[in-house]
Amino acid sequence: MRNTLGAVVALYLMSFPALAQPNEAPSQISVGVVTAARKPIAKSLDFVGRVEAIDRVEIRARVTGYLEEVEFKEGDLVQAGASLYKIEKGLFQAAVGEAAGALDRSKAAKVLSEVQLQRAEELYERNVGSAVARDQARATDEQAKGTILIDQANLDTAKINLGYTDIVAPVTGKIGRTNVTKGNVVSPESGPLTVIVSQDPMYVTFPVSQREFLRLRQTGKQLDVTQLKANLQFADLSKYDQEGTVNFVDVTVNRTTDTVLVRAAFPNPKGVLIDGQLVHVSIEAGKPAEKVVIPQSALIADQQGTYVFVVDDGKAAIRRVKTGGESRGTSIIVEEGLSGGEQVIVDGLQSVRPGAAVIATPALQLQDRS
């Protein structure tokens, strides 16, 4: 009976291996790692800039009249010379006709005054006419000449005003919304009817403090602005895919802010840059130097500073690091603590402890803007 009971108990315990083996070793932790890479990094300074169109034109009416047509679609790209607005022409065509008639009348008067002057001079030479009559005829002829000049100028002005009834685009660019619609009276006092801004290339202007400006000068014996390359980053931290070049440094310092205005030109073939847009500008100066770059997501901070976990002989180990304070997209430069080539843990950090056994698998490749 006792042997039977012992056999039953033994079978019962064998059905629960966890109870039979309480001292089983803990399993390894799976983590994602990225290799700390050494990359050539150029010295750079960051600023806040604003996008400016090279050509920004306010379209205004130059004559007064009723607006007959709005001939563009708001937000479209228009070419220089494209028709934008049409103002009622009737009064201006009449003014041209009136001026032309006045010019013909003054030309006819000039023909008569020439004949009268010639006759008065002939009579004077034969001692039949008086000097007074000759001088009066000469003065009348000169007045007729002046009247022709005035009437010709009036005709030219009338033609110019008639031309102003067709409002065309002075530059190529994107056109904004119209501030007036068909049927309204427009005049030079109406203010801007719309705005055209050029698209490619675009300027980005940014103020540089005197301290940063001196740092730029320290990169070489002479500061050649044409050698300074510029890159842009948008508010969502995405990088603009076109590189710009600094092409202007202001000749005066702003007395209020103690800054110098700097301007860079950027290609804008896809129209990504928008006039007035706020961007981050990074100016690269000097020769690139090799730096260790790791993902920012690998950094952990405590009371002693900043550290990362690396995989060392199959176990997690702490490495205290000193960063360069300069982020490059999703990565950051490490000045001290890593020499490059270390397997830095970026995924699964919440489960990692110093000395814990880990299974390392490659995480997503490091992306930066270098």
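Residues numbered from 1 in each chain as written. Predicted model: local features only at pLDDT ≥ 70, side-chain atom pairs only at ≥ 80, totals over all residues. Heavy atoms only, no water.

Peer 1: Break down the overall build of the protein chain for me, with residues and values.
Peer 2: For the protein chain, the helix and strand inventory stands at 5 helices and 23 strands. Expressed as a percentage of its 370 residues, the buried residues of the protein chain come to 32%. Long-range pairs, those at least 24 residues apart, make up 76% of the contacts in the protein chain with a sequence separation of at least 6. (Helix = DSSP H or I, 4+ residues; strand = E, 2+ residues; numbered from the N terminus. Buried < 20%, exposed > 50% of the residue type's maximum accessible area, 1.4 Å probe, protein only. Contact = heavy atoms within 4.5 Å.)

Peer 1: Summarise the sheet that holds strand β4 (residues 56-59); cite the residues concerned and give the values.
Peer 2: Pairing in this open sheet of 4 strands is antiparallel, and the strands run β4-β11-β9-β6 from one edge to the other. For this open sheet the edge positions go to β4 and β6 (77-78), each flanked by a neighbour on one side alone. Across 4 bridges, β4 lies against strand β11 (residues 194-197) in antiparallel orientation. Among the inter-strand pairings, Val-57 is bridged to a residue of β11, identified as Ile-196. (Pairing = 2+ DSSP bridges.)

Peer 1: Report on the pattern of salt bridges, specifying residues and quantitative values.
Peer 2: Under the counting rule described, the total for this entry stands at 12 salt bridges. One salt bridge in this structure joins Asp-241 and Lys-270, with 3.9 Å as the shortest N-O distance. In this pair, Asp-241 sits in the loop between β13 (229-233) and β14 (244-249) while Lys-270 sits in the loop between β15 (259-266) and β16 (278-284), placing the two residues 29 residues apart along the sequence. Comparing Asp-241 with Lys-270 shows no difference in burial state: the two are exposed. A salt bridge links Asp-302 to Arg-320; the nearest nitrogen and oxygen atoms lie 2.8 Å apart. In this pair, Asp-302 sits in strand β18 (residues 300-302) while Arg-320 sits in strand β20 (residues 315-328), placing the two residues 18 residues apart along the sequence. (Salt bridge = Lys/Arg side-chain N within 4 Å of Asp/Glu carboxyl O.)

Peer 1: Please give an account of the confidence of the model for the protein chain that cites residues and values.
Peer 2: Residue-level pLDDT values for the protein chain average 81, and 85% of them are 70 or greater. When the criterion is pLDDT under 50, residues 16-25 qualifies, and its contacts beyond four places in sequence or with other chains add up to 1 contact. Note on residues 365-370: pLDDT is under 50 here. Beyond four places in sequence and across chains, it has 24 contacts. (pLDDT = per-residue confidence, 0-100.)

Peer 1: Pulling in residues and values, what's your account of helix α3 (residues 90-125)?
Peer 2: Helix length check: α3 (36 residues) gives 53 Å between terminal C-alpha atoms against 52 Å at 1.5 Å per residue, within 8%. If you check which residues of α3 are buried, you get Phe-92, Val-96, Ala-99, Ala-102, Leu-103, Ser-106, Lys-110, Ser-113, Leu-117 and Ala-120. Contacts from the buried residues of α3 go to α4 (131-163). Once α3 ends, the next one or two residues include Asn-127, with phi positive near 60 degrees. (Expected span 1.5 Å × (residues − 1).)

Peer 1: Please provide a residue-by-residue account of the sheet that holds β15, values included.
Peer 2: As summarised here, the arrangement of the 6 strands in space is β3-β12-β15-β14-β13-β16, forming a closed barrel in which the pairing is antiparallel. The sheet shows a mean angle of 45 degrees between the axes of neighbouring strands, taken without regard to direction. Here 4 bridges tie strand β3 (residues 44-53) to strand β12 (residues 202-209), and the two strands are oriented antiparallel to one another. The residue of β12 that forms the bridge with Ala-53 is Met-202. (Axes fitted to C-alpha atoms, helices over the stretch in contact; angles between N-to-C directions.)

Peer 1: Tell me about the nonpolar core, and please be specific about residues and values.
Peer 2: Judged by nonpolar contacts, the single largest core of 23 residues is most densely connected at Val-204, Phe-206, Leu-232, Phe-266, Leu-273, Val-281 and Ile-283. Listed by contribution, the elements that provide at least two residues to this core are β3, β12, β13, β15 and β16. Of all hydrophobic cores here, the second largest spans 18 residues; its members include Leu-84, Ile-87, Ile-167 and Val-180. (Core = buried A, V, L, I, M, F, W, Y, C linked by side-chain atoms within 4.5 Å.)

Peer 1: Tell me about the pairing of strand β5 (residues 65-70), residues and numbers included.
Peer 2: Two strands pair when backbone bridges link them, and β5 and strand β10 (residues 185-186) are joined in this way by 2 bridges, in the antiparallel orientation. Bridge pairing in β10 links Gly-65 to Val-186. Direction of pairing for β5 relative to strand β7 (residues 83-87): antiparallel, over a ladder of 3 bridges. Residue pairing for β7: Glu-69 is matched across the bridge by Lys-86.

Peer 1: Tell me about the packing of aromatic side chains, and name the residues and values.
Peer 2: For any pair of aromatic rings, geometry is given as the distance between the ring centres together with the angle between the planes. Scanning the model with the defined rule gives 5 aromatic pairs in all. Judged by centre distance (5.8 Å) and plane angle (85 degrees), the rings of Tyr-307 and Phe-309 are edge-to-face. Judged by its relative accessible area of 5%, Phe-309 is buried. Taken together through their ring pairs, the aromatic side chains of Phe-234, Tyr-240 and Phe-266 make up a single cluster. The ring of Tyr-203 carries Arg-263 above its face, with NZ or CZ at 4.0 Å from the centroid. (Phe/Tyr/Trp six-rings, centres within 6.5 Å; stacked < 30°, edge-to-face > 60°. Lys NZ or Arg CZ within 6 Å of the ring centre and 35° of its normal.)

Peer 1: A description of the side chain of Lys-110 should follow, citing residues and the corresponding values.
Peer 2: Here Lys-110 shows up in helix α3. Classification of Lys-110 as buried rests on a relative accessible area of 11%. Once residues lying within four places of it in the same chain are set aside, the contact partners of Lys-110 are Asp-141, Ala-144, Lys-145 and Ile-148.

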